[in-house]
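Architecture and fold: a report
The lines below spell out each chain.
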Amino acid sequence: MSDRTVDHEEVRHVADLARVDLDDDAVDRMADQFGDILEYFDRLDEVPETDADPDLTNVLRADEVRESLDTEDALDNAAETEAGYFKGPRVS
Amino acid sequence: MDSNAYVTRERIDADGSGALADREVAVKDNISTAGVRTTAGSTMLAEYVPPYSATVVERLRAAGAAIVGKTNMDEFGMGTTTETSAFGAVENPVAEGHVPGGSSGGSAAAVADGDVPIALGSDTGGSVRCPAAFTGTVGIKPTYGLVSRYGLIAYANSLEQIGPIAESVEDAALALDVIAGPDDRDATTRDASDHYDTATGADPAGPAPAYGFADAADGSVANLTIGVVTDLLDGADAGVVGTFEDAIDCLSDAGATIREVELPSLEHAVAAYYVIAMSEASSNLARFDGVRFGHDAGKSGNWNESFGATRAEGFGEEVIRRILLGTYALSAGYHDKYYKQAQEARAWIKQDFDAVFDEVDVLASPTMPVPPMERGESLDDPLTMYLADANTTPVNLANLPAISVPAGETDGLPVGAQFVGPAFGEPTIVRVASALEDRV
């Protein structure tokens, strides 16, 4: 076990941000494992600053109308649809 | 023996005839196939039927290949053993009781079983090369941008490439010839014709240009310098190292010049890889909310409650672990400590590779530092499993091509040798791998 501790509240907080419900057992396991894994990631502190040469190229293409999926196909995997739209849960 | 290599057995006939005429090919189940369910090894997509096919699938069919099924895999490509699939673990056909490697373990098992000569996998941190090494098959991770990712269910976009697993180096190279080439539906693809001397000329009307990779499998290494990466031998299993060194001796006998090289940055590759991959995964997998496609928990309540329940039901534990760690690494207060530092490490690793390729043509190491693990051995300890990816992850961080080819055995278990080339150095790694294949 590492010295680093990730407390249960931190695990619950990131699970909340990521929209994943976790039961108490899962929170326990993750909190244990995250300590070891994050301690291993801490070695990145030793990495020197590097002169990165990004060499980026703009690859935007012209915004042209092209053939695409038809609405029926796009909606085919949705649990609920209405009048040609996806139907999701209420926002609040 | 049923190795559980397939999630779905369903045939998709060829749509043309060419380099793969009358060949049967299996496709990893994170590569979309129109009308055939594509699960990515997850409960989340257990009933998902894509309305379109991945570019690589269209190219296989146009080249005359029939697709015979969708292969089992670690859920969303997250694993080194193919034990995290929602559809059960895959058995290693050549080493019963051991894992076939991951995450393209189903594709490798289908080839090792003799069921198909060629299968497609995807390689984000070694997921084509690791299962190839563990099953005694050949796997190629192409240069980033060589193969279209259109239709690949994304895990970590900046790292992953689709690549072939095959019985022979020539077949793997042939499949790469068929799937490689620019695609206007994936802006990260590049026309690489200028890089290949062996290019037979691109046909703009054809499905893809032919780069002549299969022609490079000529077994000739007489004028090549191979750099053995000593950093990747320290700490590896002694039996694996012994088998690898015998393989290098074979290449020396065949006329290659062997040199030892050091790449000190590689020590940080596993940490950098997992921080970047988990960060990208946390973003990519945000799309699975049960509204447009995928599992829906059907829970009433508001948006957040419904999404939280759907995602908890749909994702397995390894996927949740990576989403949460990725969310953590990107969160306010930790971004500079983890994500920014991982990008620094990535730049350093690229520079290290660039410098060493001024001195050698190809780099060599064992593909995996250990022989195939026993099934169930590493599931409870995620960090130990992550560390097994030490030799493969640097290649993805540097966007380079690499091949895994059988090097022999240790205690009856397969060992793979990995050869890494400079960007668009596929013909050279294919050549070296074919030389070893001829002699092992």
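Residues numbered from 1 in each chain as written. Chains lettered and ligands numbered in written order. Predicted model: local features only at pLDDT ≥ 70, side-chain atom pairs only at ≥ 80, totals over all residues. Heavy atoms only, no water.

Let's shift gears to the pattern of salt bridges. Enumeration according to the criterion identifies 22 salt bridges over all chains in this entry. One salt bridge connects Lys-337 of chain B with Asp-42 of chain A, and the closest N-O pair in it is separated by 3.1 Å. Pair noted here: Lys-337 of chain B is in helix 9 (residues 336-356) and Asp-42 of chain A is in the loop between helix 2 (24-41) and helix 3 (71-75), and the two residues belong to different chains. One salt bridge in this structure joins Lys-337 of chain B and Asp-45 of chain A, with 3.2 Å as the shortest N-O distance. Note that Lys-337 of chain B is positioned in helix 9 and Asp-45 of chain A in the loop between helix 2 and helix 3, a pairing that runs across two chains. (Salt bridge = Lys/Arg side-chain N within 4 Å of Asp/Glu carboxyl O. Helix = DSSP H or I, 4+ residues; strand = E, 2+ residues; numbered from the N terminus.)

With that settled, consider the packing of aromatic side chains. Residues and elements named next belong to chain B. Per the stated rule, a full pass over the model turns up 18 aromatic pairs over all chains. Where Tyr-211 meets Phe-213, the ring centres are 5.6 Å apart and the plane angle is 50 degrees; that geometry is what we call tilted. Given the relative accessible area of 0%, Tyr-211 is considered buried. Measuring from ring centre to ring centre gives 5.8 Å for Phe-288 and Phe-293, while their planes differ by 75 degrees; the resulting arrangement is edge-to-face. The exposure class assigned to Phe-288 is buried, which follows from its relative accessible area of 2%. Through a chain of ring-to-ring contacts, three or more aromatic side chains come together here, namely Tyr-48, Phe-76, Phe-288, Phe-293 and Phe-315. (Phe/Tyr/Trp six-rings, centres within 6.5 Å; stacked < 30°, edge-to-face > 60°. Buried < 20%, exposed > 50% of the residue type's maximum accessible area, 1.4 Å probe, protein only.)

Once that is clear, we can look at the sheet that holds strand 1 (residues 6-8) of chain B. Residue and element names in this part refer to chain B. Read from one edge to the other, the open sheet built from 11 strands follows the order 1-3-2-4-6-5-10-11-9-7-8, with strand pairing classed as mixed. With partners counted over all chains shown, the strands left at the sheet margins are strand 1 and strand 8 (257-261), one partner each. Pairs of neighbouring strands in the sheet enclose a mean axial angle of 35 degrees, with direction left out of account. Looking at chain direction, strand 2 (residues 24-28) and strand 3 (residues 66-71) are connected through five bridges and run parallel. When the sheet's bridge partners are listed, Val-27 is paired in strand 3 with Lys-70. (Pairing = 2+ DSSP bridges. Axes fitted to C-alpha atoms, helices over the stretch in contact; angles between N-to-C directions.)

Before going further, it helps to spend a moment on the interface of chain A and chain B. Interface size is often expressed as the accessible area that is lost when the parts come together. Taken together, the contact between chain A and chain B spans 45 residues of the former and 55 residues of the latter. For the pair chain A and chain B, the two sides together bury roughly 4400 Å², of which 65% comes from carbon and sulfur. For the pair chain A and chain B, the interface holds four salt bridges. The tally of links from chain A across to chain B stands at 19 residue pairs in polar contact (both at pLDDT 80 or more). For the side of chain A that touches chain B, the secondary structure elements donating two or more residues are helix 1 (8-17) and helix 2 of chain A. (Contact = heavy atoms within 4.5 Å. Buried area = accessible area lost by both parts, 1.4 Å probe. Polar contact = N/O pair within 3.5 Å; in protein donor to acceptor, adjacent residues only side chain to side chain.)

A few words now on the UniProt feature "active site" (unreviewed entry) in chain B. Residues and elements named next belong to chain B. In this numbering, the UniProt entry assigns the feature "active site" (unreviewed entry) to Lys-28, Ser-103 and Ser-127. In sequence the annotated residues extend across 100 residues, while in space they remain close, none of their C-alpha pairs exceeding 11.0 Å. Mapped onto the fold, Lys-28 is located in strand 2. The exposure class assigned to Lys-28 is buried, which follows from its relative accessible area of 0%. Ignoring anything within four residues of it in the chain, the contact list for Lys-28 reads Lys-70, Thr-71, Met-73, Ser-103, Ser-104, Ser-107, Leu-120, Gly-121, Ser-122 and Ser-127. Position of Ser-127 among the secondary structure elements: in the loop between strand 4 (118-123) and helix 3 (129-135). Sequence-distant contacts of Ser-127, that is, excluding residues within four places in its chain, are made with Lys-28, Gly-77, Gly-79, Gly-102, Ser-103, Ser-104 and Ser-122. (UniProt positions renumbered as here; feature names shortened; annotations may be inferred.)

A few words on the packing of helix 6 (residues 269-284) of chain B against helix 8 (residues 317-330) of chain B. Packed helices, taken two at a time, are described by the angle between their axes plus the distance between the axes. All names here are of chain B. Taken N-terminus to C-terminus, the directions of helix 6 and helix 8 make an angle of 100 degrees; their axes are 7 Å apart at the nearest point. By the angle between their axes, helix 6 is roughly perpendicular relative to helix 8. Contacts from Tyr-274, Val-275, Met-278, Ser-279 and Ser-282 of helix 6 reach helix 8 at Arg-322, Ile-323, Leu-325, Gly-326, Thr-327, Ala-329 and Leu-330. (Parallel < 35°, antiparallel > 145°, perpendicular 65-115°, else oblique.)

Here the focus is the pairing of strand 7 (residues 225-229) of chain B. Residue and element names in this part refer to chain B. Across the five residues that make up strand 7, a large majority, five, are buried. Neither face of strand 7 is left uncovered, since the one carrying Thr-225, Gly-227 and Val-229 and the one carrying Ile-226 and Val-228 both have all their residues buried. In the sheet, strand 7 pairs with strand 8 via five bridges, with the strands oriented parallel. Each residue of the ladder has a partner; that of Val-228, found in strand 8, is Glu-260. Between the parallel pair strand 7 and strand 8, the chain is carried across by helix 5 (residues 238-253), and the sense of this crossover is right-handed. Taken together, the three bridges between strand 7 and strand 9 (residues 362-366) define a ladder with parallel strand orientation. Of the residues in strand 9, the one forming a bridge with Val-228 is Ala-364. (Right-handed = clockwise from strand over helix to strand, strands pointing away.)

In this structure, the largest pocket encloses a volume near 1200 Å³. For the largest pocket, the lining is made up of 27 residues, of which Pro-54, Asp-55 and Leu-56 of chain A together with Lys-350 and Asn-399 of chain B are closest to its centre. Its residues assigned to classes, the lining of the largest pocket comprises 12 nonpolar, eight polar and seven charged. By volume, the second largest pocket amounts to about 500 Å³. (1 Å grid on protein atoms, 1.4 Å probe; cavity = no way out; pocket = protein on both sides within 12 Å on 5 of 7 lines; lining within 4 Å. Points joined across faces, edges and corners; volume = space filled by probe spheres on them. Nonpolar A, V, L, I, M, F, W, Y, C, P; charged D, E, K, R; others polar.)

This paragraph deals with the environment of Ala-62 of chain B. Tracing the backbone through its elements, the reader meets Ala-62 of chain B in helix 1 (residues 55-62). Along the sequence, Ala-62 of chain B and Asp-13 of chain B sit 49 residues apart, while their C-alpha atoms lie 9.9 Å from each other.

Residues and elements named next belong to chain B. Running from N to C, helix 4 (residues 169-179) and helix 12 (residues 426-439) point in directions that differ by 160 degrees, and their axes come no closer than 9 Å. In terms of their interaxial angle, helix 4 and helix 12 are classed as roughly antiparallel. Pair helix 4 / helix 12 crosses with right-handed handedness. Residues Val-169, Ala-173 and Leu-176 of helix 4 form the contact with helix 12, whose participating residues are Glu-426, Val-430, Ala-433, Ser-434 and Glu-437. Each residue belonging to the contact of helix 4 with helix 12 can be placed in one class, and the counts come to five nonpolar, one polar and two charged. (Left-handed = near helix turned anticlockwise from the far one by under 90°.)

As a further point, take helix 4 of chain B. At 3.6 residues per turn, the α-helix brings residues three or four places apart onto the same side. Residues and elements named next belong to chain B. Among the 11 residues in helix 4, 10 count as buried, and that is most of the element. Listing the buried residues of helix 4 in full gives Val-169, Asp-171, Ala-172, Ala-173, Leu-174, Ala-175, Leu-176, Asp-177, Val-178 and Ile-179. Contacts from the buried residues of helix 4 go to helix 1, strand 4, strand 5 (138-141), strand 6 (161-166), strand 10 (402-410) and helix 12. Immediately beyond the C-terminal end of helix 4, within one or two residues, lies Gly-181, with a positive phi of roughly 125 degrees.

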